[in-house]
Amino acid sequence: MRFRREKLQALRAAGSDPFMASFKPTHHADEIKENFASLEGHPVAVAGRLMLLRSQGKLSFGDLQDASGRIQLFVRQDVLGEEAYKAFRELDLGDIIGVSGQVMKTRRGEISVQVENFVLLAKALRPLPEKWHGLRDVEQRYRYRYLDLITNPESRHVFVTRSRIIQEIRNFLVERGYIEVETPMLHPIPGGAAARPFVTHHNALDMDLYLRIAPELYLKRLLVGGFERVFEIGKTFRNEGVSTRHNPEFTLLEAYEAYGDCESMMQTTEQLIAHVAQAVTGGTQIVYQGRAIDLTPPWRRITMLDAILEYTGVDLRGVESDEEAREAARKAGFKIEDGLSYGDVISHLFEEYVEPHLIQPTFVVQHPVEISPLAKQNPKDPRFTDRFEPFINGWEVANGFSELNDPIEQRRRFEAQMVQRAAGDDEAHRMDEDYIRALEYGMPPAGGLGIGIDRLTMLLTDSASIRDVILFPHMRRRL
RNA sequence: GGGUCCGUAGCUCAGUUGGUUAGAGCACCGGACUUUUAAUCCGGGUGUCCUGGGUUCGAGUCCCAGCGGACCCA
């Protein structure tokens, strides 16, 4: 670093700017390689970071990296002139330069740019990580993502794919008549999910606000307002632990469709995910961490109780009371604490013993009403809701349902949640009078859907950790 | 929150049963070289061994605590 600073001082002393204002490249590296036949012998200008330098005395080779890839630079002293050639050899790996010259091919057949002029656009004062291994240390890859992106092409590929995934989701929904909207991230009442929120404070209004745990209640207010198909893709915040599948801020897609329902949203979900997989991986068969997964619709469907029966042998279908539910589970040999409700027993058995088995895409449907405070009840069995959660690789990747649009029933649900909150469940839903007021004006029957973009990206890029698909994952502060 | 593992040069990593002056490759510095592909050849080691205690004649190595990270579990 010391030497690089000295070079910088020397350049300034010699009257040249080591951070040039601008340079206009005419081509990217991959364009030159792909169009060599028509570009050979023609002048081009390229810019990027100098990644390798192989100097042979009066002839040097360099590798220049731009957003598209790398191109070799062919640099001869007799072409560049003695002074400029000397300056070229003074460059350090990592410097950002612009070069112009003719497209040519070397004796060994490498497509190159024969450098006739070059300018230093930005001096790199710090050395790059090792040129062959790149940056391996995962902590540094997360903390200094830019270094990871410079040196590890596979990391760059993940984030390019992530961008394409989001773009394809937009295309899919917009094509179906959805409009994209933006609703507040600062909520006076955090709602739409069972989760602990982050709290913040608005000084001018002197009020506490919460970072949203879901955009759901605002999007449904838009259905009241007359929009029929809306979606939002954005950050959502949950004040919970960090793991390979959880980041405190993550990206959620939510979509709502007036006159849709649980059934139509399931179809939308499987078609959307299959479409995105097709677009970014070329097919609907993927391999995740060595495991083959077939995303081709239609996906298997099973009710939550049938799934519990299948994987645990506990039959909760005819059960009427909390006590009967606990008894049924205990009889099958499961440890169940006193005081757990029917819904709790179902959640517990499902999460522990069913989820890990749901590797191939599976819609689990008909969730207990107690754990689904915003979903419409099933008309045939009001203990359950017309709700679905697709599982892939044992993960819940989405969640959707027929939206509850009865304000009286919605109030009852919120009140039931308030009882749980009072009993110590701080993830229970809060009362939201303004939302009920909106429903009182009438919300069309509708289907809703939420998909976790990060987990979907993990699946489609074969990434083992959620931090590998988030550019700047949350890390502890380091002094 | 619990468990296991990791932290050595800018980067990638060695470092033996505790042993005297802590190493290699890349990067970097000086030199040679007009067709290289992680170029090669000659010369040069640039360090808070994560931090703080402890054990010991002696600690990168053993013990304790802390910090940071990874994975598993809750």
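These numbers were taken from a predicted model, which means no experiment stands behind them.

Cut-off values and rules
Residues numbered from 1 in each chain as written. Chains lettered and ligands numbered in written order. Predicted model: local features only at pLDDT ≥ 70, side-chain atom pairs only at ≥ 80, totals over all residues. Heavy atoms only, no water. Buried < 20%, exposed > 50% of the residue type's maximum accessible area, 1.4 Å probe, protein only. Helix = DSSP H or I, 4+ residues; strand = E, 2+ residues; numbered from the N terminus. Pairing = 2+ DSSP bridges. pLDDT = per-residue confidence, 0-100. Axes fitted to C-alpha atoms, helices over the stretch in contact; angles between N-to-C directions. Parallel < 35°, antiparallel > 145°, perpendicular 65-115°, else oblique. Left-handed = near helix turned anticlockwise from the far one by under 90°. Contact = heavy atoms within 4.5 Å. Core = buried A, V, L, I, M, F, W, Y, C linked by side-chain atoms within 4.5 Å. Salt bridge = Lys/Arg side-chain N within 4 Å of Asp/Glu carboxyl O.

J.: Before we go on, may I ask you to explain the pairing of strand β12 (residues 285–288) in this structure?
T.: A regular strand places its side chains on the two faces of the sheet in alternate fashion. Residues Ile286 and Tyr288 line the buried face of β12, whereas the alternating positions Gln285 and Val287 sit on a face that is not buried. Summarising the sheet, β12 and strand β13 (residues 291–294) pair through four bridges and their orientation is antiparallel. Bridging from a neighbouring strand, Gln285 pairs with Asp294 of β13.

J.: Could you clarify how one ought to interpret the confidence of the model for chain A in this entry?
T.: Do not read the predicted coordinates in detail wherever pLDDT is low. On average, chain A scores 93 in pLDDT, and the residues at 70 or more come to 99%. The ipTM for the predicted assembly is 0.89, set against a pTM of 0.93.

J.: Would you take a moment to explain the sheet that holds strand β4 (residues 96–105) for this structure?
T.: Hydrogen bonds along the backbone pair up the strands of a sheet, which may run parallel or antiparallel. The strand order β1-β2-β3-β5-β4 describes a closed barrel built from five strands, whose pairing is mixed. Going from strand to strand, the sheet's axes swing by 55° on average, the running direction of each strand aside.

J.: Help me out: how do you make sense of the packing of helix α11 (residues 304–312) against helix α13 (residues 342–354) in this one?
T.: For any two helices packed against each other, one specifies the crossing angle of their axes together with the interaxial distance. α13 packs onto α11 with a crossing angle of 55° between their chain directions and a minimal axis gap of 10 Å. Taken together, the axes of α11 and α13 are oblique relative to one another. The hand of the α11/α13 crossing is left-handed. In this structure, α11 uses Met304, Leu305, Ala307, Ile308, Tyr311 and Thr312 to contact α13, whose residues at the interface are Tyr342, Ile346, Leu349, Phe350, Tyr353 and Val354.

J.: Mind showing me how you'd approach the sheet that holds strand β9 (residues 207–211) here?
T.: The three strands lie next to each other as β7-β9-β8, forming an open sheet whose pairing is antiparallel. Whereas interior strands pair on both sides, the edge strands pair on one side only; in this sheet they are β7 (186–187) and β8 (199–202). When β8 meets β9, the two strands line up antiparallel, connected through four bridges. Within β9, the position partnered with Thr200 by the bridge is Leu209.

J.: Help me understand the nonpolar core, please; the structure alone is not making it clear to me.
T.: One broad trend across soluble globular proteins is that nonpolar side chains are buried collectively. Counting residues in each nonpolar core, the largest one holds 42 residues, and the members touching the most others are Ile169, Leu253 and Leu460. Looking at which element gives the most residues to this core, the answer is helix α10 (residues 262–281), with eight residues. Beyond its immediate sequence surroundings of up to four residues, Leu460 is in contact with Ile165, Val276, Ala277, Val280, Thr281, Ile286 and Leu295.

J.: Mind showing me how you'd approach the pattern of salt bridges here?
T.: A pair can form between side chains of opposite charge whenever their charged atoms are brought close. Summed over the entire model, instances satisfying the criterion amount to 29 salt bridges. With a closest N to O distance of 2.7 Å, Asp92 and Lys7 form a salt bridge. Of this pair, Asp92 sits in the loop between α5 (82–89) and β4 while Lys7 sits in helix α1 (residues 2–13), and the two are 85 residues apart along the sequence. Residue classification places Asp92 among the buried residues on the basis of a relative accessible area of 12%. When its relative accessible area of 23% is taken as the criterion, Lys7 is described as partly exposed. Between Glu139 and Arg143 there is a salt bridge whose closest N-O contact spans 3.0 Å. Of this pair, Glu139 and Arg143 both sit in helix α6 (residues 138–143), separated by four residues, roughly a single helical turn. For Glu139, a relative accessible area of 30% gives the class partly exposed. A network of salt bridges, in which partner residues are shared, links Lys7, Asp92, Asp95 and Lys123.

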